[in-house]
Each structure stands twice: as C-alpha cells, then as structure tokens.
Amino acid sequence: MAGSVTAKEMKIGVVNVRAVFSQIPQTAKIQEALKTEFGAKFAEMQKLENDLKFNIEKFKRDGSTMSEAQKKELQTSIEKQQQQYEPMARSLEESYRQRQGEENNKIGALIKTAIEGIAAKDQYDVILNAEAAVFAKPEFDISSAVVTQVSKAK
C-alpha cells in the first residue's frame, strides 16, 4: 500500500525590519518632530552643563588664588547647578526615550501592517525577520516592497 502525500510548496519571504525602519521617510519626520519638541529643553540642559563645567574648571584653575569667601560662593554655585542639572537631565532623557518609544511603536505598527498586506496580496505563507534568518536568497527579501508600502502610508 502506497500512501499518497501531497506537499504544498511554501512561499517564504524575509524582511529586514531594522533596514526598513531606517529607510522610510516617517523615521526622519519623527526625528525632526522630536528635535523640535525637545530642542529647547536640551539646549537649556546643555547650557546648564556648560556653566557647571566652566565653574568646576574655574574652581580648579583659580581656586588657589581665590579668597575663602570666593571659594565658598563658587562651591555653592556649583552645588546648586549640580542639584538642578542631574534631575533635569534624568527627567529629560526619560521623557525623550518615552516619546521616541511611542513614535517608534507607531512606525512599527505601520511596518507590521505593510508586511501583513504584502503577505496577503502575494500569498506568502511565512515571512521572517531577516535578522533571525541565518541565510536567505535575495529573491526572498521583501524589504524594498515594505519600504515602498510604508512610505505611502500617512
């Protein structure tokens, strides 16, 4: 008795999500938006950091020639600047990372939708992340199609 086995040929594709992410215009728009949103705060933090560095250098450089009152005044100023800078920097970095994560998640959803659309339209059975695949022939790579699809999305 010979059993009949039918094997369906699978259609497999790979997509380099990281490359897609870096190539789509939405990524640049998000970077610009984040720069606009956080630019003034980062500039303020940078100014405070520069002032702090200047005062620390001034204390190291001129401390030996300063009076005790001048040293005390400069040390107090340095301490106040440090107390302002550290929480400001921590909070700003956290806020920036959170907003960047939110925006990246939106782009990730666009990419996922594009991949699903291409998979349905071209009848792919499996689409793998190219970074997870050890090897894939270039003809299996659908990254450029995903870039094109996501670039059209708003």
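Residues numbered from 1 in each chain as written. Predicted model: local features only at pLDDT ≥ 70, side-chain atom pairs only at ≥ 80, totals over all residues. Heavy atoms only, no water.

Undergrad: Looking at this structure, I do not really get the environment of Glu79. What am I missing?
TA: Mapped onto the secondary structure, Glu79 falls in helix α3 (residues 68-121). The spatial distance from the C-alpha of Glu79 to the C-alpha of Leu52 is 9.0 Å, given a sequence separation of 27 residues. (Helix = DSSP H or I, 4+ residues; strand = E, 2+ residues; numbered from the N terminus.)

Undergrad: Can you walk me through a nonpolar patch on the surface in this structure?
TA: A contiguous nonpolar patch, built from Met10, Ile12, Leu128 and Phe140 and spanning about 340 Å² of accessible area, is present on the exposed surface. Take Phe140: it is sitting in the loop between β2 (126-129) and α4 (143-152). (Patch = residues over 30% accessible without salt bridge, like charges linked within 9 Å, V, L, I, M, F, W, Y side chains within 5 Å. Areas by Shrake-Rupley, 256 points an atom, 1.4 Å probe, with all protein chains shown as cover. Salt bridge = Lys/Arg side-chain N within 4 Å of Asp/Glu carboxyl O.)

Undergrad: Would you explain unusual backbone geometry in this entry?
TA: Most peptide bonds adopt trans geometry, and most residues besides glycine take a negative phi value. Positive phi, normally seen in glycine, also occurs at Gln123, with a value near 55 degrees. Mapped onto the elements, Gln123 comes out in the loop between α3 and β2. Take Gln123: its relative accessible area is 60%, and that puts it in the exposed class. (Buried < 20%, exposed > 50% of the residue type's maximum accessible area, 1.4 Å probe, protein only.)

Undergrad: I keep staring at the pattern of salt bridges and nothing clicks. Help me out?
TA: All told, the structure shown has 10 salt bridges when counted by the stated rule. For the salt bridge of Arg99 with Glu103, the shortest nitrogen-to-oxygen distance reads 2.9 Å. Taken together, the residues span about one helical turn, with Arg99 and Glu103 both in helix α3 at a distance of four residues. Of the residues examined, Arg99 reaches a relative accessible area of 22% and is grouped as partly exposed. Between Lys112 and Glu116 there is a salt bridge; the shortest N-O distance is 2.4 Å. Here Glu116 and Lys112 lie together in helix α3, a separation of four residues that amounts to about one turn.

Undergrad: Just checking my understanding: could you explain the environment of Lys29 for this structure?
TA: Counting through the fold element by element, Lys29 comes out in helix α2 (residues 25-62). With relative accessibility at 59%, the residue Lys29 sits in the exposed group. For Lys29 and Ala153, which are 124 residues apart along the polypeptide, the C-alpha to C-alpha distance reads 13 Å.

Undergrad: Got a minute to help me understand α2 in this structure?
TA: In an α-helix there are 3.6 residues to a turn, and that puts residues three or four apart on one side. The terminal C-alpha atoms of α2 lie 51 Å apart, and with 38 residues this matches the ideal 56 Å at 1.5 Å per residue to within 8%. Its axis deflected by about 55 degrees at Phe38, α2 carries its strongest bend there. Three or more residues of α2 are buried, namely Gln26, Thr27, Ile30, Leu34, Phe38, Met45, Leu48, Glu49, Leu52 and Asn55. Against α1 (17-23), α3 and α4 lie the buried residues of α2. (Expected span 1.5 Å × (residues − 1). Bend = angle between axes of the 7 residues up to and from the residue. Contact = heavy atoms within 4.5 Å.)

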